[in-house]
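As a plain string of letters, each chain reads:
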Amino acid sequence: MTPMSDAHDHQPDAFDHLLDEAKAKAVPGNRDLEVTFAVPLSAETLSGLTERAHREGRDVAEIVAEALRVAAA
């Protein structure tokens, strides 16, 4: 059997050339990009959120967005 070399038996900067291509670059956001996701919601929950929106005089979308933020926290 041949002896195995130490995994760390190299110069500290031996692989820097490989990392040059992997450096992060900041790219400004695309305002034309829209992200959509689906969240399963029971009819009972949706009815409750709709009733709350009517009771508080708010838009249903605001109430649903608020509920999603609370659930994600």
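Sequence order sets the numbering: in each chain, residues are counted from 1 along the sequence as written. In keeping with the model being predicted, local features are shown solely for residues with a pLDDT of at least 70 and side-chain atom pairs are shown and tallied solely at 80 or more, while totals for entire chains, interfaces and linings include all residues. Excluded from the side-chain calculations are hydrogens and water; all other atoms, namely the structure's heavy atoms, are used.

### Quick word on the overall build of the protein chain
- We count a stretch as a helix when DSSP gives it H or I for four or more residues in a row; a strand needs E for two or more, and each element gets its number in order from the N terminus. What the protein chain contains, in helices and strands, is three helices and zero strands.
- Going from the N terminus to the C terminus, the protein chain shows its helices and strands as α-α-α.
- Taken across its 73 residues, the protein chain has 4% of its residues classed as buried. Buried residues are those whose accessible area, probed at 1.4 Å on protein chains only, stays under 20% of the maximum for their type, while exposed residues exceed 50% and partly exposed ones sit between those limits.

### Thoughts on the packing of helix α2 (residues 43–56) against helix α3 (residues 60–72)
- Note on geometry: axes are lines fitted to C-alpha atoms, helical ones only across the stretch in contact, with angles between N-to-C directions running from 0 to 180 degrees. Where α2 meets α3, the closest approach of the two axes is 9 Å, and the angle between their N-to-C directions is 120°. When the axis of α2 is compared with that of α3, the two are oblique. Crossing of α2 over α3 shows right-handed handedness. For the pair formed by α2 and α3, the contact residues are Leu49, Thr50, Arg52, Ala53 and Glu56 on the first element and Val60, Ile63, Val64, Glu66 and Ala67 on the second.
- Polar here means any residue outside two lists: the nonpolar Ala, Val, Leu, Ile, Met, Phe, Trp, Tyr, Cys and Pro, and the charged Asp, Glu, Lys and Arg; Gly therefore counts as polar. A breakdown of the residues in the contact of α2 with α3 according to their chemical character gives six nonpolar, one polar and three charged. Here the word oblique covers every angle except those under 35 degrees (roughly parallel), over 145 (roughly antiparallel) and from 65 to 115 (roughly perpendicular). Each crossing gets its handedness from the near helix: less than a right angle anticlockwise from the far helix is left-handed, clockwise is right-handed. We call two residues in contact whenever any of their non-hydrogen atoms come within 4.5 Å of each other.

### Here's the deal with α2
- Given a rise of 1.5 Å per residue, 14 residues ought to cover 20 Å, and the 20 Å separating the end C-alpha atoms of α2 matches this to within 8%.
- Two residues or fewer past α2, Gly57 is found with a positive phi of approximately 70°. In a helix, the anticipated span is given by 1.5 Å times the number of residues less one.

### Section: the confidence of the model for the protein chain
- By definition, pLDDT measures how confident the predictor is in each residue, and it falls between 0 and 100. Mean pLDDT over the protein chain: 80, with 88% of residues reaching 70 or higher.
- Here helix α1 (residues 16–19) is the element of the protein chain with the lowest mean pLDDT, 76, and α2 is the one with the highest, 91.

### A word on a nonpolar patch on the surface
- Nonpolar side chains (Val, Leu, Ile, Met, Phe, Trp, Tyr) are joined into patches within 5 Å and like charges within 9 Å, using only residues with over 30% relative accessible area and no salt bridge. All accessibility values rest on the Shrake-Rupley procedure with a 1.4 Å probe; residue burial counts only the protein chains present in the view. Every case where a carboxyl oxygen of Asp or Glu lies within 4 Å of a side-chain nitrogen of Lys or Arg is listed as a salt bridge. Together, Phe37, Val39 and Leu68 make up an exposed nonpolar region whose accessible area comes to about 280 Å².
- The residue Leu68 is located in helix α3 in this model.
- Residue classification places Leu68 among the partly exposed positions, given a relative accessible area of 33%.

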